[in-house]
Amino acid sequence: FHPLLVHLPIGFIIIGLMLDFFFRNKKEYIPVLSFIFLWAFITSIFSIITGYLQYDREGYAWESIQWHLVMGIVTMIFCLLFYLKLKYEQFKIFPKNFLFVSLGLSLLFTGHLGGNITHGSDHLIEPLPPEIKSLIGFELKDNIIEIDPKNYQNVVLYKDVVQPILNQKCVSCHNDKKTKGGLKMNNYDAIMKGGKNGAIVMVNNSIESKMHYRMTLPIENRYHMPPKSRTQLSREEIELIKIWIDNSASKSALVGDLPIPMKIISSFFPNKPNGIFPEKQEEAVTNTQISDLRDKGFLVVNIFGTSPFLKVSC
């Protein structure tokens, strides 16, 4: 109920602050404002209670929610003070501008910290285009899993493939700070330990393993993982996790030692920019030479920007 109820005080506070800003000198609005801030205070109480219950039952780490909780309580107190100032003479000593600014800032910080818990600490930056992230100085995460096609048989399946897949798709909700369902998936021991509902990996039995089973549920199913709002695993990634579980869920098994079809593992090979063309360092043709050929009626184009090779049509 916390995600449902938490939007009520937010709405009350925003409309209350807007009314106070636009109609501050009109006394006829005071009963409306006091009513709004009273209900902002009441709904804040229910939001804090349900938030604490969600923390207690869903396995969040205390360090990840403590300041969200503290700021929620601070916001609730400012709602109460705003109501009392509007309603009772003895509370007129509180400056309205101080309450206005303090309530607005506490709401902003509380909401931001809640967003960090729900969507990760980079939830404001992550959707931005890479160029914007670079411009404002944020380090880009390398989310590409690449396997050397010449050495793929010596790749450790768990360390080099399975765990990086989980890091991309699962760890944002199952880590040391946020352990939804009491489950961590950021290292091998935590995965094998499971969560509060038991093991998620049944060695040599992917069908009975919750980890694989929930990945294969229809995306509309409430138990499907990752949630449909998150980036989903590809068919190849799900198949590799299945193969890993069905072959002892080993921490050290090599790709070459397991029955992994080439078409699955090849999806992690880097794309060659030159396609079918050879990788050779040839001396590039000058622009003058290309212009001379074009003047004679030849159609000459580079096959791609970084290659010296040309495509010529006569």
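Up top you'll find the structure we're talking about.
Everything quoted here is computed from the prediction, not taken from an experiment.

**With respect to the pattern of salt bridges**
- One pass over the full model with this rule turns up 5 salt bridges.
- Across the salt bridge formed by Asp-160 and Lys-159, the nearest N and O atoms sit 2.9 Å from each other.
- Take Lys-159: its relative accessible area is 53%, and that puts it in the exposed class.
- Through salt bridges with shared partners, one network takes in Asp-20, Arg-24 and Lys-96.

**A closer look at the side chain of Lys-96**
- Its location among the elements puts Lys-96 in helix 5 (residues 96-119).
- A distance of 3.1 Å separates a polar atom in the side chain of Lys-96 from a polar atom in the side chain of Asp-20.

**A short note on the packing of aromatic side chains**
- On inspection of all chains with the given rule, the structure shows 13 aromatic pairs.
- Both rings, one in Phe-78 and one in Phe-98, keep their centres 6.1 Å apart while their planes meet at 75°; by these two values the pair is edge-to-face. With Phe-78 in helix 4 (residues 62-87) and Phe-98 in helix 5, this pair connects stretches of sequence that are 20 residues apart.
- An aromatic cluster of three or more residues is present, and its members are Phe-21, Phe-22 and Phe-100.

**Topic: the side chain of His-174**
- Tracing the backbone shows His-174 in the loop between helix 7 (157-169) and helix 8 (188-193).
- Once residues within four sequence positions are removed from consideration, His-174 is found in contact with Lys-180, Leu-183, Lys-184, Met-185 and Asn-186.

**Points about the nonpolar core**
- Residues Leu-157, Leu-166, Ile-191, Met-211, Ile-241 and Trp-244 are the most contacted members of the largest nonpolar core, which totals 35 residues.
- Put simply, the parts of the chain that give this core at least two residues each are helix 7, helix 8, helix 9 (210-216), helix 10 (235-246) and helix 11 (262-265).
- Beyond its immediate sequence surroundings of up to four residues, Trp-244 is in contact with Leu-157, Tyr-158, Val-162, Tyr-188, Ile-191, Met-192, Val-201, Met-211, Ala-249 and Ser-250.
- With 25 residues, the next largest nonpolar core counts Leu-69, Met-76, Cys-79 and Tyr-83 among its residues.

**Comments concerning a nonpolar patch on the surface**
- Among the surface-exposed residues, Ile-14, Ile-15, Met-18, Phe-21 and Phe-22 lie close enough to one another that they form a single nonpolar patch of about 520 Å² accessible area.
- Relative to the elements of secondary structure, Phe-21 occurs in helix 2 (residues 7-22).

**Some thoughts on the packing of helix 2 against helix 5**
- Direction vectors running N to C along helix 2 and helix 5 enclose 145°, while the axes themselves pass 11 Å from each other. Note that helix 2 runs across helix 5; the crossing there is left-handed. From helix 2, Ile-10, Ile-13, Ile-14, Leu-17, Asp-20 and Phe-21 reach across to helix 5, where they touch Lys-96, Phe-100, Leu-103, Gly-104 and Leu-107.
- Tallied by class, residues from the contact of helix 2 with helix 5 come to 8 nonpolar, 1 polar and 2 charged.

**Structural notes on the packing of helix 3 (residues 30-58) against helix 4**
- The N-to-C vectors of helix 3 and helix 4 enclose an angle of 160°; their axes lie 8 Å apart at closest approach. When the axis of helix 3 is compared with that of helix 4, the two are roughly antiparallel. The handedness of the crossing between helix 3 and helix 4 is left-handed. Residues Ile-30, Leu-33, Ser-34, Phe-37, Leu-38, Ala-40, Phe-41, Ser-44, Ile-45, Ile-48, Tyr-52 and Tyr-55 of helix 3 touch helix 4, and the partners they reach there are Trp-62, Ile-65, Leu-69, Gly-72, Ile-73, Met-76, Cys-79, Leu-80, Phe-82, Tyr-83 and Leu-86.
- Across the contact of helix 3 with helix 4, the residue classes tally to 20 nonpolar, 3 polar and no charged.

Scoring rules and cut-offs
- Counting restarts for each chain: residues are numbered from 1 in the order of the written sequence.
- Since the coordinates come from a predicted model, pLDDT governs what is reported: local features require at least 70, and pairs of side-chain atoms require 80 or more to be given and counted, while whole-chain, interface and lining totals use all residues.
- Derived side-chain values reflect all non-hydrogen atoms in the structure, with water molecules and hydrogen atoms excluded from consideration.
- Just to be clear on terms, a salt bridge is a Lys or Arg side-chain nitrogen sitting within 4 Å of an Asp or Glu carboxyl oxygen.
- Whether a residue is buried, partly exposed or exposed follows from its accessible area with a 1.4 Å probe, protein chains only, as a fraction of its type maximum: under 20%, in between, or over 50%, in that order.
- To qualify as a helix, a DSSP run of H or I must reach at least 4 residues; to qualify as a strand, a run of E must reach at least 2; elements of each kind are numbered from the N terminus.
- Residues adjacent in sequence count toward polar contacts only when both atoms are side-chain atoms; beyond that, a polar contact is any pair of N or O atoms within 3.5 Å, and within protein one must be able to donate a hydrogen and the other to accept it.
- Two aromatic rings, drawn from Phe, Tyr or Trp (for Trp, its six-membered ring), form a pair once their centres lie within 6.5 Å of each other, and the interplanar angle then sorts them: stacked below 30 degrees, edge-to-face above 60, tilted otherwise.
- Working rule for contacts: check all heavy atoms of both residues, and any pair within 4.5 Å makes them a contact.
- Joining through side-chain atoms within 4.5 Å is the link that ties buried Ala, Val, Leu, Ile, Met, Phe, Trp, Tyr and Cys residues into a set, and such a set is a nonpolar core.
- A patch is a set of surface residues, each over 30% in relative accessible area and not in a salt bridge, joined within 9 Å for like charges and within 5 Å for the nonpolar side chains Val, Leu, Ile, Met, Phe, Trp and Tyr.
- Each accessible area is a Shrake-Rupley result for a 1.4 Å probe, and residues are judged covered by the shown protein chains and nothing else.
- An axis is simply a line fitted to the C-alpha atoms; with a helix, the fit covers only the stretch in contact. Between two such axes, the angle follows the N-to-C directions and lies from 0 to 180 degrees.
- Should the near helix be turned anticlockwise from the far one by less than a right angle, the crossing is left-handed, and should it be turned clockwise, the crossing is right-handed.
- Any residue outside Ala, Val, Leu, Ile, Met, Phe, Trp, Tyr, Cys, Pro, Asp, Glu, Lys and Arg is labelled polar, Gly included; the first ten of those are nonpolar and the last four are charged.
- Should an angle fall under 35 degrees it is taken as roughly parallel, and over 145 as roughly antiparallel, whereas 65 to 115 is taken as roughly perpendicular and any remaining angle as oblique.

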